[in-house]
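# Commentary on secondary and tertiary structure
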Amino acid sequence: MKEDTACGGGENFDLHSIMESGRRFSFKEKMAYFRQITDQLDEHHQLMYMRMIGSAADREVLVYDEETGRMRPMLMFGSNNYLGLANHPYIKEQVKKAAQQFGTGIGGPPLLNGYTSLHRRLEERLAELKKTESAMIFASGYAANLGLVSGLADKDAILIYDAYSHASFTDGIKLSGAKSFRFPHNSMPALEEKLRIARLTNHGDIFVGVEGIYSMDGDAAPLDETAAICEKYGAILLVDDAHGTGVAGKTGRGSEEAFGVEGKVDVIMGTFSKTFAVTGGFVAASADIINYLRFYARSYMFSATVSPLIIAAVDAALDVMQREPERLEQLRQNIVYAHACLERSGFTVSGNSAIIPIPVPQNMNIRKAAYDLHRMGIFLNSIEYPAVPLSGQRFRVSLMATHTRGDIDRLAEALAEVWIPAGEHEHAV
């Protein structure tokens with residue numbers, strides 16, 4: 001079994017891959033070269049990044065138009081605000097109350113500077129949500145993955161992970177120094193074979209990393225099979241449930257609920273930047289693991305305590321999820337309706353999550369298509385090379401519970417208009 005030294009992830013962006021082959025750049029040359037690329041793209045209206053939003057996140061947002069210098073409304077299909085909680089009046093009111101009681105921040109890391117009663121209560125609620133003994137809060141989902149992987153694994157450990165794992169997970173592997181091996185996406189036979197070989201040659205810790213829902217394709221890891229294989233070989237299962245927490249499973253507890261493996265996953269990571277629509281992340285596990293990570297996860301030890309305002313927002317969001325289960329049901333209805341609309345428009349879609357990838361033909365200029373959609377009032381994320389291979393470029397639709405059927409109809413119509421005829425699009429700049 002050949003060790004994976006590249007730690008390549010599904011969302012790694014490598015600047016060198018867009019440089020001229022075989023040429024070495026100085027620091028100044030690299031900056032100037034990259035500026036030339038972005039300036040040229042901007043000149044041709046093909047740099048649909050860092051768009052300025054002038055309203056609360058919702059199904060419709062105000063976006064600054066560079067051509068007119070004014071804000072204009074756009075339908076938002078690029079946000080992971082799956083349940084539409086970012087502008088919920090109850091949540092905003094609870095954030096105001098938290099500001100009055102706790103101010104805006106702690107001013108240091110939790111181990112040294114402490115945290116509020118809000119933080120402690122939220123950790124308890126997150127552990128309850130994930131059916132674990134304990135939980136801890138990180139400054140971001142990225143920091144959570146980085147900290148849990150590098151904190152738990154060491155140079156004597158083996159880490160086997162899905163080829164589509166997030167960049168934060170693979171960065172954690174690099175920091176840990178552990179031996180790592182990728183297996184083809186969602187291939188359980190390949191995972192079992194790598195575990196079999198690893199167990200024959202290693203008597204130390206073996207970790208397996210997968211995601212509940214994969215962010216680029218919107219498909220799910222078969223957690224029931226994964227958990228069974230890990231139990232068979234005595235491996236420690238790590239699940240990144242960033243996109244599943246709050247929306248997967250019968251009641252939205254996450255991917256573990258969806259696959260009936262609650263209590264069978266050793267460590268679960270989640271974020272606040274998707275369903276909860278703020279920033280931050282968490283890890284849920286046994287009390288022993290969480291206690292250990294508080295001292296050995298560097299991204300926790302050396303990061304300031306998350307603002308009480310964010311904690312209040314997440315805590316209130318959990319209230320809304322319990323009181324308004326119809327939001328989850330509406331999201332699922334929107335997913336079904338979106339699939340039907342897109343298929344009628346000639347697109348092939350798969351999966352059953354709120355993420356719907358729309359593959360782009362290689363002869364189609366994805367940047368021009370993104371600009372065309374922007375002009376038509378559709379805010380959509382284009383995922384292009386080198387974040388994904390040229391053959392894997394796509395638009396990523398993110399649905400919300402607050403989208404109307406009319407919104408989804410307009411999305412399908414706009415995509416069909418941009419796609420036809422795909423072959424006539426000029427090649428990318």
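This text goes with the structure placed above it.
Residues numbered from 1 in each chain as written. Predicted model: local features only at pLDDT ≥ 70, side-chain atom pairs only at ≥ 80, totals over all residues. Heavy atoms only, no water.

## Considering a negative patch on the surface
On the surface, a cluster of negative charge is made up of Asp39, Asp42, Glu43, Glu66 and Glu67. Among the structural elements, glutamate 67 can be located in the loop between strand E1 (60–65) and strand E2 (70–76). (Patch = residues over 30% accessible without salt bridge, like charges linked within 9 Å, V, L, I, M, F, W, Y side chains within 5 Å. Areas by Shrake-Rupley, 256 points an atom, 1.4 Å probe, with all protein chains shown as cover. Salt bridge = Lys/Arg side-chain N within 4 Å of Asp/Glu carboxyl O. Lys, Arg positive; Asp, Glu negative; His and termini not counted. Charge placed at Lys NZ, Arg CZ, Asp CG, Glu CD. Helix = DSSP H or I, 4+ residues; strand = E, 2+ residues; numbered from the N terminus.)

## Topic: the sheet that holds E2
One open sheet holds the three strands; their spatial order is E1-E2-E11, and the pairing between them is mixed. The open sheet terminates on both sides in strands that have one partner only, identified here as E1 and strand E11 (378–379). Bridging between E2 and E11 involves two bridges; their strand directions are parallel. When the sheet's bridge partners are listed, methionine 76 is paired in E11 with phenylalanine 379. The strands that helix H14 (residues 366–375) touches are E1, E2 and E11; relative to E2, the one it contacts most, it runs at about 105°. (Pairing = 2+ DSSP bridges. Contact = heavy atoms within 4.5 Å. Axes fitted to C-alpha atoms, helices over the stretch in contact; angles between N-to-C directions.)

## Details of the sheet that holds strand E13 (residues 394–398)
Strands sit in the order E10-E13-E12 across an open sheet of three strands; the sheet is antiparallel. One side of each edge strand has no neighbouring strand; the edge strands of this open sheet are strand E10 (355–359) and strand E12 (381–383). Within the sheet, the average angular offset between the axes of one strand and its neighbour, ignoring direction, is 30°. In this structure, E10 lies alongside E13, joined through five bridges in antiparallel fashion.

## Notes on the packing of helix H4 (residues 117–129) against helix H12 (residues 308–323)
One can describe the packing of H4 onto H12 by two numbers: an axis separation of 10 Å at closest approach and a directional angle of 40°. Taken together, the axis directions place H4 and H12 in an arrangement best described as oblique. With respect to the hand of their crossing, H4 and H12 are arranged in left-handed fashion. Across from Leu118, His119, Arg121, Leu122, Arg125 and Leu129 in H4, the residues of H12 making contact are Pro308, Ile311, Ala312, Val314, Asp315, Leu318, Asp319 and Gln322. Tallied by class, residues from the contact of H4 with H12 come to eight nonpolar, two polar and four charged. (Parallel < 35°, antiparallel > 145°, perpendicular 65-115°, else oblique. Left-handed = near helix turned anticlockwise from the far one by under 90°. Nonpolar A, V, L, I, M, F, W, Y, C, P; charged D, E, K, R; others polar.)

## Points about the packing of aromatic side chains
For the structure shown, the criterion picks out eight aromatic pairs. Between phenylalanine 25 and tyrosine 33, the aromatic rings sit 5.1 Å apart at their centres with planes inclined by 50°, giving tilted as the arrangement. A relative accessible area of 17% places tyrosine 33 in the buried class. Geometrically, the ring pair formed by phenylalanine 347 and tryptophan 419 is edge-to-face, given 5.2 Å between the ring centres and 85° between the ring planes. Linking phenylalanine 347 in the loop between helix H13 (326–344) and E10 with tryptophan 419 in helix H15 (residues 405–419), this pair joins segments that are 72 residues apart in sequence. A single burial state applies to phenylalanine 347 and to tryptophan 419, both of which are buried. Taken together, the ring pairs in this structure connect Phe272, Phe276 and Phe282 into an aromatic cluster. Positioned over the ring face of phenylalanine 379 is arginine 51, at 3.7 Å from the centre of the ring. If you follow arginine 323 out to its NZ or CZ, it ends over the ring of tyrosine 90, 4.6 Å from the centre. (Phe/Tyr/Trp six-rings, centres within 6.5 Å; stacked < 30°, edge-to-face > 60°. Buried < 20%, exposed > 50% of the residue type's maximum accessible area, 1.4 Å probe, protein only. Lys NZ or Arg CZ within 6 Å of the ring centre and 35° of its normal.)

Keep in mind that these numbers describe shape and distance, not what the molecule does.
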